[in-house]
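Summary of the model geometry
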Amino acid sequence: MPYVLYNRLGSGGFPVEVMLSACGLDYTYEPLDSVPSSDLGTLIDHVNKWRQVPVLETPDGQVITETAAILAYLDQTEAACRAGPHLWNDSPGQFLRWCVFLSVNVYESILRRIYGPRYIDLTDCSDEDAKALCTRVGRAGRDRAHQALLFVQENLGDKPFLLGERMSAADLYLAMVTAWHRRHPDLPKLASLAERVATHREVRGIWQRNFGHRLQEQWQDTAPEWS
């Protein structure tokens, strides 16, 4: 039985799909007919009643949710995901640190920007007040994500990738949330890292399919391929 990945284009399953593909793992992809920034409704209820993606079904029948948890699971159970030709991880502690950090401080903050009503009680609010409150929640989420990414950039230093000289699944995650956050002039190192990830020969096709139609970055058209 292969892995089964449930996701929708442009959503948090991107690094999982790259990981499965780059490491040569047997998997099937189940795309959901939904667009980012909209509720999934009941589309994913049969495997995740929390109604979020990504969801990974493992060959032994487990159902795993949460991007960071899936990346950590694959990294720990599939040798090609931590010591293969395309992905590398010789710092498991730092790998877990940054995957969890990105989940808690960046991914969740970006969700506040997009799904403001999830995070505030709008009972008895007028439409105008509800819109104003959601705008404030979204702005706070955007600012929190930005501060977290500045912290990641400070820790990146002069390394080409988060854990060192070679790309890990943590870089796939970081590139995704950096692109979601859009380009900011005070995040040049993260923009460069995201470009290296997006133009990697094992990533560029999946990146283009997920993000090429909706994000401002079109690195595939101009940047040399990173190997």
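So, here's what we can say about the structure. (Residues numbered from 1 in each chain as written. Predicted model: local features only at pLDDT ≥ 70, side-chain atom pairs only at ≥ 80, totals over all residues. Heavy atoms only, no water.)

1. A word on the packing of helix α2 (residues 67–77) against helix α4 (residues 92–114)
Worth spelling out the cut-off: Between the N-to-C directions of two axes lies an angle of 0 to 180 degrees, each axis being a line fitted to C-alpha atoms and, for a helix, fitted only over the stretch in contact. Numbering goes from the N terminus for both helices and strands, where a helix is a DSSP run of H or I of at least four residues and a strand is a run of E of at least two. An angle below 35 degrees is treated as roughly parallel, one above 145 as roughly antiparallel, one from 65 to 115 as roughly perpendicular, and anything else as oblique. Helix crossings get a hand from a simple test, with the near helix turned counterclockwise from the far one by less than a right angle marking a left-handed crossing and a clockwise turn marking a right-handed one. Residue contacts are counted whenever heavy atoms from the two residues lie within 4.5 Å of one another. In this count, Pro and Cys sit with the nonpolar residues alongside Ala, Val, Leu, Ile, Met, Phe, Trp and Tyr, while Asp, Glu, Lys and Arg are called charged and the others, Gly among them, polar.
Packing of α2 against α4 brings their axes to within 9 Å, and their N-to-C directions diverge by 165°. Here α4 runs roughly antiparallel to α2, going by the angle between their axes. Considering how the two elements wind past one another, α2 and α4 form a crossing that is right-handed. The segment α2 lies against α4, with Thr67, Ala68, Leu71, Ala72, Asp75 and Gln76 engaging Phe95, Leu96, Cys99, Ser103 and Tyr107. Looking at side-chain class alone, the contact of α2 with α4 contains seven nonpolar, three polar and one charged residues.

2. Description of the environment of Arg201
Operational definition: Each residue is assigned to one of three classes by its accessible area relative to the maximum for its type, calculated with a 1.4 Å probe on protein chains only: buried under 20%, partly exposed between the two thresholds, exposed over 50%.
Structurally, Arg201 is set in the loop between α7 (188–198) and α8 (204–211). Classification of Arg201 by relative accessible area gives partly exposed; the value is 41%. Sequence separation between Arg201 and His86 is 115 residues; the distance between their C-alpha atoms is 9.2 Å.

3. Focus: the sheet that holds strand β3 (residues 55–57)
Test applied: Strand pairing follows a simple DSSP-based rule, namely that at least 2 bridges must link the two strands.
With mixed pairing, four strands are arranged side by side in an open sheet as β2-β1-β3-β4. Whereas interior strands pair on both sides, the edge strands pair on one side only; in this sheet they are β2 (27–31) and β4 (63–65). Across the sheet, the axes of successive neighbouring strands diverge by a mean angle of 20°, strand direction being ignored. Sheet analysis places β3 next to β4, joined by three bridges and oriented antiparallel.

4. Comments concerning the nonpolar core
We apply this condition: Residues grouped as a nonpolar core are buried Ala, Val, Leu, Ile, Met, Phe, Trp, Tyr and Cys residues, joined through side-chain atoms within 4.5 Å.
Ranked by size, the top nonpolar core spans 59 residues in total, and within it Leu74, Tyr173, Leu174 and Val177 carry the most contacts. Sorting the residues of this core by element identifies β1 (3–7), α1 (14–22), α2, α4, α5 (127–156), α6 (169–181), α7 and α8 as the ones contributing at least two each. Here this core gets 10 residues from one element, more than from any other, and that element is α6. Membership of the second largest hydrophobic core comes to eight residues, among which are Leu32, Leu40, Val47 and Val55.

5. What about the pattern of salt bridges?
Note the following rule: Salt bridge, as used here: a side-chain nitrogen of Lys or Arg that lies within 4 Å of a carboxyl oxygen of Asp or Glu.
Following the criterion strictly, the structure yields six salt bridges and no others. Here Glu17 and Arg209 are joined by a salt bridge, their closest N and O atoms 2.1 Å apart. In this pair, Glu17 is assigned in helix α1 and Arg209 in helix α8, connecting sequence segments 192 residues apart. Take Arg209: its relative accessible area is 34%, and that puts it in the partly exposed class. Linking Glu108 and Arg112 is a salt bridge whose minimum nitrogen-to-oxygen distance equals 3.6 Å. Highlighted residues: Glu108 and Arg112, both in helix α4, separated by four residues, approximately one helical turn.

6. Quick word on the environment of Arg8
Selection criterion: Definition of a polar contact: a pair of N or O atoms within 3.5 Å, with one able to donate and the other able to accept a hydrogen when the atoms are protein atoms, and with sequence-neighbouring residues admitted only if both atoms are side-chain atoms.
Checked against the element boundaries, Arg8 lands in the loop between β1 and α1. For Arg8, a relative accessible area of 6% puts it in the buried group. Filtering out sequence-adjacent residues up to four positions away, Arg8 remains in contact with Tyr29, Leu32, Ser34, Val35, Pro36, Ser37, Ser38, Asp39, Leu40, Val53, Tyr115 and Asn210. In this structure the side chain of Arg8 is engaged in a polar contact, spanning 2.9 Å, whose partner is the backbone oxygen of Ser38.

7. Thoughts on the environment of Gly13
Here Gly13 is to be found in the loop between β1 and α1. Using a relative accessible area of 0% as the deciding quantity, one classes Gly13 as buried. The sequence separation of Gly13 and Glu66 amounts to 53 residues, and the corresponding C-alpha distance is 8.9 Å. The contact partners of Gly13, leaving out residues within four places of it in the chain, are Leu5, Asn7 and Pro54.

8. Details of the pairing of β1
Remark: a regular strand shows side chains that alternate across the two faces of the sheet. For clarity, the threshold we go by: Handedness rule for crossovers: strands pointing away from the viewer, path from the first strand over the helix to the second running clockwise, crossover right-handed.
Across the five residues that make up β1, a large majority, five, are buried. Residues Tyr3, Leu5 and Asn7 of β1 are buried on one face, and the alternating residues Val4 and Tyr6, pointing to the opposite face, are buried as well. Here five bridges tie β1 to β2, and the two strands are oriented parallel to one another. Residue pairing in the sheet places Val4 in a bridge with Thr28 of β2. The parallel pair β1 and β2, bridged by α1, forms a crossover whose chirality is right-handed. Relative to β3, β1 runs antiparallel, the two sharing three bridges. Paired with Val4 across the two strands is Glu57, which belongs to β3.

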